[in-house]
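Structure at a glance
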Amino acid sequence: MRNTFAFAMFGATLLAATASAQASTKTVRVLYVVPSDAQRSDRAALVANAVEHNRQTWQNYGATMTTDDVVTVRSHHNVNWFLTNPDGFHGVAEWYWLGNACNAARDVYPDACTEDVNHKYIIFLEADISSVNRNLAAANFGAAVMPKGIIDGAEQGDLRRIGSIGHELGHTFGMPHSDCASQWPTKNIMCNGDYYPHNRLNHLDYPYLFSAESSAYFEETPSDLFYVSQGKYLDGEIWKTQLGLDLEGCALSCLSDPDCSSFVHFGTTCEFKGDHLSQAWGASGYTSAQIKIPADGAVQKKAGPIWNQHHATQVCPQVCDIWRDVPWTASSWTGFWRATPANEWSVCFCDYNPDYNR
């Protein structure tokens, strides 16, 4: 579960994050399929960690999903069968492995790979597909299928391979490949695994994740990705206005625009404008919002009192960092912090876009 007591600094004002607005009602199922002659059959815990690494990355950017425990499927078919048996899904032999992984998954979950409206699937297959297909992984029918090369990469700590899990999962939500070279300052989650873990969910991803078909997979609603202040009006210049939107629609529209980081909502009107909540003035009937993690990834988060640099090294990684209890962690703390004059609380400086800020 995400931390509902996180804080962020805007100017001199500290704003509390709002709690999650809903519970996810749909889940991601994870399977580990082992052919009868597979070289390895002991990596279910490894793939669970790799999935969790991606889950926590998505959570940091406001899409907290529930992933079910890994189910191991020990097939009576050998690797060659997975590669060469006509699968009933494809008419092209190079893709039989994907369909046969789905067939194995359906021994446990009959709805797997049927565009199941209540579940997505991540299927790890202990089979080397390089002799029949040059792709490292693929997704279709609501399932992401990750062959032995991805599992090997995770075991070796290759973050590109680990990140490809989230990429293929993104396809199950309808997200297409991205023009990654043109994205700045952030690379979105569909930029393959090459940028992981420094890519993130951004304006290209949220319209798919918060669509009517997909929103129930996530704990958040669009407004949860903002600091929201009722009775406040931002004093910046209006650069776009949209009509006929409630607060959630306004938030999703802002999330879908790379230039938007704050907005004002009143009635059914949404005004996109600059400025910070710390500079908003009181105005009954208005609601103002500012995005929690801006495109540049620079965020200041509140912590308890910090007494010295040594103490900061113990506190700030817990405040800033994305990943917990998984291998392959990296700190999102910049090494900087500051205390308030009375030292009632302190601030940790976090960086969620190091490729941009360094």
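Report on the accompanying structure. It should be emphasised that the depicted structure is a prediction, and the values quoted were computed from it without experimental measurement. (Residues numbered from 1 in each chain as written. Predicted model: local features only at pLDDT ≥ 70, side-chain atom pairs only at ≥ 80, totals over all residues. Heavy atoms only, no water.)

Right, let's get into the overall build of the chain. What the chain contains, in helices and strands, is nine helices and 16 strands. In terms of overall dimensions, the chain is globule-like: its C-alpha atoms have a radius of gyration of 22 Å, near the 21 Å expected for 358 residues. In terms of overall dimensions, the chain has C-alpha extents of about 65 × 50 × 35 Å along its principal axes. A total of 358 residues make up the chain; the buried ones form 51% of that total. Counting contacts in the chain only where the partners sit at least 6 residues apart, residues at least 24 apart contribute 67% of the total. (Helix = DSSP H or I, 4+ residues; strand = E, 2+ residues; numbered from the N terminus. Rg over C-alpha atoms; globule rule 2.2 N^0.38 Å. Buried < 20%, exposed > 50% of the residue type's maximum accessible area, 1.4 Å probe, protein only. Contact = heavy atoms within 4.5 Å.)

It is the rolling of a water-molecule-sized probe over the atoms that shows where space remains empty. All chains considered together, the criterion is met by one cavity of 30 Å³ or more. If you add up the space inside the largest cavity, you get close to 50 Å³. As for the largest cavity, its lining consists of Val51, Asn54, Arg55, Trp58, Met65, Thr67, Ile122, Ile165, Gly166 and Leu169. Sorting the residues of the lining of the largest cavity by element identifies helix 1 (44-60) and helix 5 (159-172) as the ones contributing at least two each. (1 Å grid on protein atoms, 1.4 Å probe; cavity = no way out; pocket = protein on both sides within 12 Å on 5 of 7 lines; lining within 4 Å. Points joined across faces, edges and corners; volume = space filled by probe spheres on them.)

Before going further, it helps to examine the sheet that holds strand 9 (residues 226-233). Strand order in the open sheet made by the five strands is 9-13-11-12-10, with antiparallel pairing throughout. The open sheet has two free edges, formed respectively by strand 9 and strand 10 (238-243), since each of these has just one partner strand. Strand-to-strand twist in this sheet, taken as the mean axis angle between neighbours without regard to direction, amounts to 25 degrees. Running over the sheet, helix 7 (residues 247-255) touches strand 9, strand 10, strand 11 (262-266), strand 12 (269-273) and strand 13 (281-291) and is turned about 160 degrees from strand 11. (Pairing = 2+ DSSP bridges. Axes fitted to C-alpha atoms, helices over the stretch in contact; angles between N-to-C directions.)

This part is about the packing of helix 1 against helix 5. The axes of two packed helices give the description: the angle between them and the distance between them. It is the contact of helix 1 with helix 5, at a shortest axis distance of 9 Å, that shows an interaxial angle of 65 degrees. Pair helix 1 / helix 5 crosses with right-handed handedness. Residues Ala50, Val51, His53, Asn54 and Trp58 of helix 1 form the contact with helix 5, whose own contacting residues are Leu159, Ile162, Gly163, Ile165, Gly166, Leu169 and Gly170. Grouping the amino acids of the contact of helix 1 with helix 5 by side-chain chemistry returns seven nonpolar, five polar and no charged. (Left-handed = near helix turned anticlockwise from the far one by under 90°. Nonpolar A, V, L, I, M, F, W, Y, C, P; charged D, E, K, R; others polar.)

Attention now moves to helix 7. Those residues of helix 7 that sit buried are Cys250, Ala251, Ser253, Cys254 and Leu255. Packed against the buried residues of helix 7 are helix 6 (206-209), strand 9, strand 10, strand 11, strand 12 and strand 13. The distance from a side-chain oxygen at the start of helix 7 to the backbone nitrogen of glutamate 248 is 3.3 Å, and the residue carrying that oxygen is aspartate 246. (Polar contact = N/O pair within 3.5 Å; in protein donor to acceptor, adjacent residues only side chain to side chain.)

Right, let's get into the packing of helix 1 against helix 4 (residues 148-155). Orientation of helix 1 relative to helix 4, taken along the N-to-C sense of each, is 80 degrees, at an axis distance of 10 Å. Here helix 1 is positioned roughly perpendicular relative to helix 4, judged by the angle of their axes. Note on element contacts: helix 4 touches helix 1 through Ile151, Ala154 and Glu155, opposite Leu46, Val47 and Ala50. Among the residues making up the contact of helix 1 with helix 4, the classes are represented as five nonpolar, no polar and one charged. (Parallel < 35°, antiparallel > 145°, perpendicular 65-115°, else oblique.)

What follows is about the environment of leucine 277. The topology assignment puts leucine 277 in the loop between strand 12 and strand 13. Put simply, leucine 277 and arginine 74 are 203 residues apart on the chain and 55 Å apart in space, counted from C-alpha to C-alpha.

Time to look at the pattern of salt bridges. One pass over the full model with this rule turns up nine salt bridges. Here arginine 160 ties to aspartate 158 by a salt bridge, and the two come within 3.3 Å at their closest N and O atoms. Accessibility expressed as a relative area gives 18% for aspartate 158, which makes it buried. Where aspartate 257 meets lysine 240, a salt bridge forms, and the shortest distance between an N and an O atom there is 3.0 Å. Of this pair, aspartate 257 sits in the loop between helix 7 and strand 11 while lysine 240 sits in strand 10, and the two are 17 residues apart along the sequence. For aspartate 257, a relative accessible area of 14% gives the class buried. Among the residues examined, lysine 240 registers a relative accessible area of 27% and is labelled partly exposed. What emerges from the salt-bridge pattern is a single network uniting Arg40, Asp42, Arg43, Glu126, Lys148, Asp152 and Glu155. (Salt bridge = Lys/Arg side-chain N within 4 Å of Asp/Glu carboxyl O.)

Counting 63 residues, the largest nonpolar core has Trp58, Phe124, Phe226 and Phe263 as the members making the most contacts within it. Here the element with the most residues in this core is helix 1; it accounts for five residues. Apart from the residues lying within four places of it in its own chain, the contact partners of tryptophan 58 are Ala63, Met65, Gly166, Leu169, Gly170, Phe173, Ile189, Leu201, Leu209 and Phe218. In this structure, Val73, Ala105, Tyr121 and Ala143 belong to the second largest nonpolar core, which totals 24 residues. (Core = buried A, V, L, I, M, F, W, Y, C linked by side-chain atoms within 4.5 Å.)

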